[in-house]
Every structure is written in C-alpha cells, then in structure tokens.
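Here's the letter readout for the chains.
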Amino acid sequence: MGAVPERDAERHALDDRNDDEPSDHAARGQQTANFAYPTGTIVSSTSGDTSSANSDCYDAIGTVAGTAGATKGTDLNFNTTSGNPMCATLLLSIQETTNGQYYCWVGKGSSPESATGQCAMPISVGLTTQITNLATVTQLNVAPLNGNIASGDSIVVRNGSASQTFSASSNVFFGATTIPVTSVTANATYPTSTSSVTDSTTLGTLNSDNVDTIANFNTLHNFNLGKIPMAPISSNGNVDLLSPIALSHFNTGTFTRTFQIGVYFPNPNGSTQNTMQGLVSNFGLTWHIDQ
Amino acid sequence: MIGRTTYRALTGPAGRRSSTWRLKKILLSMMAIGGLSFVTATGTFALLTSQEANRGGSISSGTLTMNNTVNAGTTCFSYTGAGTSGNVNPACLALFSSASQNYPGTPATATVTIKNSGSLPASDLGLYMASCTVAATPGAPTPGGGDPCAVGGAQFYVLETDSVGNPTYCWYPDDAAGACSFIADTLNTFAGNLNTIANALDLGAGPVAGATRYFKIGMQLPTNASNTLQGEEALFALTWHMTG
C-alpha cells in the first residue's frame, strides 16, 4: 500500500545528524543506522496501519483540475486531508467473476457473504434499446453492467425530467446486457441517447455504508496481517475451503481468476461533503500466491 | 507343513545370528536414509511464492465551486477570498444600493452572472432570500413609516437571460418562458416563502462545469405606492446555492 514516508524519513535524517551512543539513541527513541542509505532510497512504512487511526491509504490535495480551467484542490480553502477523510469514506468492493461464478470478497455483500455472491456495486449505464411510451416492458436492454443487480431491486430509468422505476425480476450480474423486470407499461419514451439506468436500491444501501471503506480494508487487511485467503469458487457465494489448489498452473484447470475492483463515493442524504472536494486518495492492492 | 517351513525360515535355527545382524543393518540403513531425507527435505522442496502489487492507484474527487459577478463588478468566489468558509462566500456585492433612489413605477435592475467554476456539473441551482427588513433611507429627512418588504410594498422578479441580456425564462413570479412582469406584493411573497435552502426558488439544473448562467433581478415600487414608502428602503440579501 502507499508509503507514509515522513516519520521514517525524519528519523533517518536525525540519525545522520547525531553521532551519540546507541544506548542514548534508544533512550530518546532514536536508532543507529545499519547502512549508509543514499539519496533516493525508498522509504516505506510496514507498521503504520496497525490501528484504524493510521491507514496506509492516504489523501492528498489534488493539483490537477478535473476539467480544463476548473478549480482544483489546491485552489480551495475548505478541503482537508487531516485524518484521510476520503480514504475513510470511499467504499471498496472486490467482486470475483471467474468462469461465470461470483463471490464477493470485499465490500457490501461479503460479510456475511451474499447467497448470490454479489457485491453491492452500483450501476450507471445507458439503454441500448429505446423504451417506447405505453409499451409493455419486461426487460431493459442496457450497455454492459458495471455493477450487480439483485432480484427485487428498484431500477430507475431517467430521461430529463421523466423517470420510471422498474423492479428487477431476477439477479443480474456484472457485464450483463439485459435486466429482466416485472412487466409494466412505460410511462414515457426513453431514447437510448439520453436515458440513464441506475439501481436506487443499491445506491441507498451503499450511501449509508460507512464500514466497507478503503481505510477499513487497509487496516484489517494490511501487509502484515489479515491477508484474505482466496479459495476457489465452488458456486455463487461459496468457496471450496478444502481445495488444495487456488490457482492452477498455466494451461491447466483454472489458471486465470478474474476480479472486478470497484470504488464508490457514497452520498449520504443531507450530508455536505465539501471538505472532500479536490482530494486524491492513494492506495494499492497486493496479490500474493504461494505453493 | 507349510506353516512349519515358514516358521523355520523366519527363525532359522541354522545361521540365526548372521540373519539377525543382516536384518539390523538393513533397518539401520533405511533409518539413515529416512533421516537424511528428512534433513534435506526443506532444501529440496523450497516454498515458492509470487506476488504482485497494483500500486499507486488514486481516486480523485471533483470540485463544485461558484463565481458570482454583479453587473460589471468584481467577481466573488465561493471557495476563496475574505470571509469565505466551507465553500460559502457571504460577502459578494450587493445588487442595489440606497444611493440610487427609485420613484414608484421606475424599475431598478441588476445582472448577476453565475459561473460553475468547478469540474463537476451542478444538478440544481437555487435562490433564496433569508430575510427582508425595512430601514429608513440614509439621508431621508422624513421617512414615511411604510414597509417596502410588506404587502403593498416593492415588486420583484428573477429573470434568466442569454449572455447579452435577452430574456429566456422568468423564474419568479411567472415561472414561464420569456420576460418577467412586475406583480404586486412579490417582494413580500418571495421573502416570506423562499427563505431557506430547503425551500429555495428552484432554478433548475446546471450550470455544467465551466458554464455560466445569466440572471436579471428586477425591483420597483408599485405605481400606486403609498406615501408611507417615501424615505424607506428594503434590506435583503439573495443567496445562490448550487448542488452537485
């Protein structure tokens, strides 16, 4: 995960300037250098994320405008990186989709594991087939889904001021291009070019979620502890914990596993998030296999 | 018979000592090989690992900020400048001043240019007037005692225009395309009903990032204004609120 260099860098610099006895160093919380570390040495923290208050996902003030000429983080006088607020707000999800089977490893839907293996991941796609006013609608044809839909979810189709809410009639997974819905008559015409499709149920679920954040993931599953053992999927929402092989070698069995990593900026109703304008959350994921 | 022969072969009264010694040697050799295998096992079957890190990922949030320019005055910004706090600037220029004194039926107008200077589109723009209070016009010798904020007082409108001032939509009081007209008691109604963020005048979506919307605020005393409105002024502020 991202380095938090300031503290260690200061310590090394301090050691370089003082040449006291090592015992004096220890008494003062100092340490004798064991090597001549040249300029450019990479400094990283391997113990900085052992508490929820100290996370290796860190926020920075943005220096690049999202669009040309627009304000950027450094232009603002009301945003702050104190406490890494965006790391503690952004929601992370890791959805496995290997061989058409699904398992939610991280995020809403992972604890407890969803029976369908679906993470709660929002969708925001366009229609690929127009809905015509007064037509009977039994499915929505959409661009490949960038999230999951659970049966019964409310699917909102919007075009300008017109909107209609449909009810998903089955589970729909990442990448699908059709959403079966309970039959209903269209209340307006929704053209493909200007209509949007969202899942208001999932958005509501995620907007109130303050648990599945990047910061919490970083704290619970950091470099030193809490690595997630990723047993192979046996069926949607289930893994084979007794399987001796999690990833077969090249050209045999399942030697490729696919994961969809999602990040969502929740929007708590009625809550102002101005302090997080123009910030950049920096983080990484490490994948590890052994024999 | 078969059992006896077998027994003899195993116990073998003839040459019994040499057979036992040979068996012991075989067993010791096997133990030694087994022991050696145990000792060398960790070196022969090393633990293989592989690791990759998707490092340096970053997620950025956008900005939603507003610029406000009254007539040809100095632009004020929601995000910086004296008095700003939390993306709120309460100190932008006034629309009207008591220096320009109005006669009944003579309109006063001010243009307000609202620019979305952020990188995100505004899903909604709203306008509200937190309060309207009466005061004596500075320098007026004999204030009439009336209240331009009250019923029978000043008339007020909010008109959206294009960039050169042509009317496009009257948001208040008409809520219809085209120009606005002055209607009785409209300052009183606006201040009484559209006075918080929650019940602000809804000016629709936008502007999108980098875009600008133009408004003209109109005010006048009614043509049949009471003499009690002489030497009185209405004090109010208009607040523009943008939501992402």
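Everything that follows concerns the structure shown earlier in this document.
Here's what I pulled together on the structure shown here. Quantities reported herein were computed from a predicted structural model and do not represent experimental measurements. (Residues numbered from 1 in each chain as written. Chains lettered and ligands numbered in written order. Predicted model: local features only at pLDDT ≥ 70, side-chain atom pairs only at ≥ 80, totals over all residues. Heavy atoms only, no water.)

## Things to note about the overall build of chain A
This is how the line gets drawn: Strands here mean DSSP runs of E at least two residues long; helices mean DSSP runs of H or I at least four residues long; both are numbered from the N terminus. The classification of residues rests on relative accessible area computed with a 1.4 Å probe and restricted to protein chains. Under 20% of the type maximum is buried, over 50% is exposed, and intermediate values are partly exposed. Only heavy atoms enter the contact rule, under which two residues are in contact if any of them lie within 4.5 Å. Per-residue accessibility takes into account occlusion by the displayed protein chains alone, with areas from the Shrake-Rupley method and a 1.4 Å probe.
Of the regular secondary structure elements, chain A holds 4 helices and 13 strands. Each of the 291 residues in chain A was classed as buried or not, and the buried ones make up 37%. Long-range pairs, those at least 24 residues apart, make up 68% of the contacts in chain A between residues at least 6 apart in sequence. Only carbon and sulfur atoms are counted for the fraction: they give 52% of the accessible area of chain A, which is about 15,300 Å².

## Overview of the pairing of strand β6 (residues 154-159) of chain A
All names here are of chain A. Counted only if it meets this: Pairing between strands requires that DSSP locate at least two bridges from one strand to the other.
Here β6 pairs with strand β7 (residues 162-167) via 6 bridges, running antiparallel. For Arg158, the partnering residue across the bridge sits in β7 and is Ser163. Linking β6 to β7, which pair antiparallel, is a turn of 2 residues; within it Gly160 sits at a positive phi near 60°. With 4 bridges joining them, β6 and strand β9 (residues 196-199) adopt antiparallel strand pairing. Opposite Val156, over in β9, you have Thr198 as the bridge partner.

## A closer look at the pairing of strand β10 (residues 212-220) of chain B
Residues and elements named next belong to chain B. By the bridge criterion, 8 bridges tie strand β4 (residues 108-116) to β10 in an arrangement that is antiparallel. Residue pairing for β10: Ala108 is matched across the bridge by Met219. Relative to β10, strand β6 (residues 155-161) runs antiparallel, the two sharing 7 bridges. Of the residues in β10, the one forming a bridge with Glu160 is Phe215.

## Considerations on the side chain of B:Thr137
Residues and elements named next belong to chain B. Residue placement: Thr137 occurs in the loop between β5 (124-136) and β6. A relative accessible area of 10% places Thr137 in the buried class. Among all residues touching Thr137, those that are not within four sequence positions of it are Gln101, Gly231, Glu232 and Glu233.

## Considering the sheet that holds strand β11 (residues 232-243) of chain B
Residue and element names in this part refer to chain B. Rules: For every element, the axis is a line fit to its C-alpha atoms; helices are fit only across the contacting stretch, and the angle between N-to-C directions ranges from 0 to 180 degrees.
Spatial ordering of the open sheet is given by β9-β5-β11, a layout of 3 strands whose pairing is antiparallel. Every other strand in the sheet has two partners, leaving β9 (201-202) and β11 as the edge strands with one partner each. Taken together, the 11 bridges between β5 and β11 define a ladder with antiparallel strand orientation. Bridge assignment links Gly126 to a residue of β11, and that residue is His241. The strands touched by helix α3 (residues 186-193) are β5, β9 and β11; relative to β5, the strand with the most contacts, the crossing angle is about 115°.

## Observations concerning the state of the cysteines
Heads up, the rule is: Only a pair of cysteine sulfur atoms within 2.5 Å qualifies as a disulfide here.
Going through the model one piece at a time under the given rule, you end up with 5 disulfides over all chains. What links to what in chain B: the bonded cysteines, counted in sequence order, pair as 1-2, 3-4, 5-6. Numbered by order of appearance in the sequence, the disulfide-linked cysteines of chain A pair as 1-2, 3-4.

## Description of the interface of chain B and chain A
Quick reminder of the rule: When two parts are brought into contact, each loses some accessible area as probed by a 1.4 Å sphere; the total of that loss over both is the buried area. Take a side-chain nitrogen of Lys or Arg and a carboxyl oxygen of Asp or Glu: if they are within 4 Å of each other, that pair is a salt bridge.
Between chain B and chain A, the contact holds 30 residues from the first and 34 residues from the second. Of the roughly 2,300 Å² buried where chain B meets chain A, counting both sides, 48% is carbon and sulfur surface. Taken together, chain B and chain A are joined by 0 salt bridges. Where strand β13 (residues 279-290) of chain A lies against strand β1 (residues 49-60) of chain B, 10 bridges are found, and the strand directions are antiparallel. Among the inter-strand pairings, A:Asp290 is bridged to a residue of β1(B), identified as B:Thr49.

## Some points on the environment of B:Thr109
Residues and elements named next belong to chain B. By secondary structure assignment, the location of Thr109 is in strand β4. By relative accessible area, which is 41% here, Thr109 ends up partly exposed. The sequence separation of Thr109 and Ala91 amounts to 18 residues, and the corresponding C-alpha distance is 20 Å. Among residues more than four places away in sequence, those in contact with Thr109 are Phe96, Tyr157, Lys216, Ile217 and Gly218.

## Focus: the pattern of salt bridges
Using the criterion set out here, one finds 3 salt bridges over all chains in the structure. One salt bridge in this structure joins A:Lys72 and A:Asp75, with 3.5 Å as the shortest N-O distance.

## So, the sheet that holds β4(B)
Residue and element names in this part refer to chain B. Reading across from one edge, β3-β2-β4-β10-β6-β7-β8 is the order of the 7 strands in this open sheet, with antiparallel pairing throughout. A single partner strand is all that each edge strand has here, and the edge strands are β3 (76-77) and β8 (176-177). Pairing of strand β2 (residues 66-70) with β4 involves 5 bridges; the strand directions are antiparallel. In the strand pairing of β4, Val70 is matched with Val112. Its contacts with the sheet place α3 against β6, β7 (167-172) and β10, and it is angled at close to 75° to β6.

## With respect to the environment of B:Ala154
Here B:Ala154 lies in the loop between β5 and β6. Those residues in contact with B:Ala154 that lie beyond four places of it in its chain are B:Pro148, B:Asp185, B:Thr186, B:Leu187, B:Met219, B:Gln220, B:Leu221 and B:Pro222.

## What to know about helix α3 (residues 200-207) of chain A
Residues and elements named next belong to chain A. To keep things clear, this is the line we draw: An arc is given here, and it is the one of the directions from the helix axis to the C-beta atoms. Pairs of N or O atoms within 3.5 Å make up the polar contacts considered here, provided that, within protein, one atom can donate a hydrogen while the other can accept it, and that residues adjacent in sequence are counted only when both atoms are side-chain atoms.
Those residues of α3 that fall on the buried side of the exposure criterion are Thr202, Leu206 and Asn207. The arc that holds every buried residue of α3, seen down its axis, measures 130°, which confines them to one face. You can read the cap of α3 off the contacts: a side-chain oxygen lies 3.0 Å from the backbone nitrogen of Thr201, and it is on Asp199.

## Topic: the packing of aromatic side chains
Going by this rule: Aromatic rings from Phe, Tyr and Trp, with only the six-membered ring used for Trp, were paired whenever their centres fell within 6.5 Å, and each pair was classed as stacked if the ring planes differed by under 30 degrees, edge-to-face if by over 60, and tilted otherwise.
Going through the model one piece at a time under the given rule, you end up with 12 aromatic pairs over all chains. Ring geometry for A:Tyr102 against A:Phe173: centres 4.1 Å apart, planes inclined by 25°, an arrangement best described as stacked. One end of the pair, A:Tyr102, is in the loop between β2 (91-96) and β3 (103-106); the other, A:Phe173, is in the loop between β7 and β8 (178-185), with 71 residues separating them in the sequence. Taken together, a centroid distance of 5.0 Å and an interplanar angle of 50° make the contact between B:Phe215 and B:Trp240 tilted. One end of the pair, B:Phe215, is in strand β10; the other, B:Trp240, is in strand β11, with 25 residues separating them in the sequence. For the pair shown, B:Phe215 and B:Trp240 are each scored as buried.

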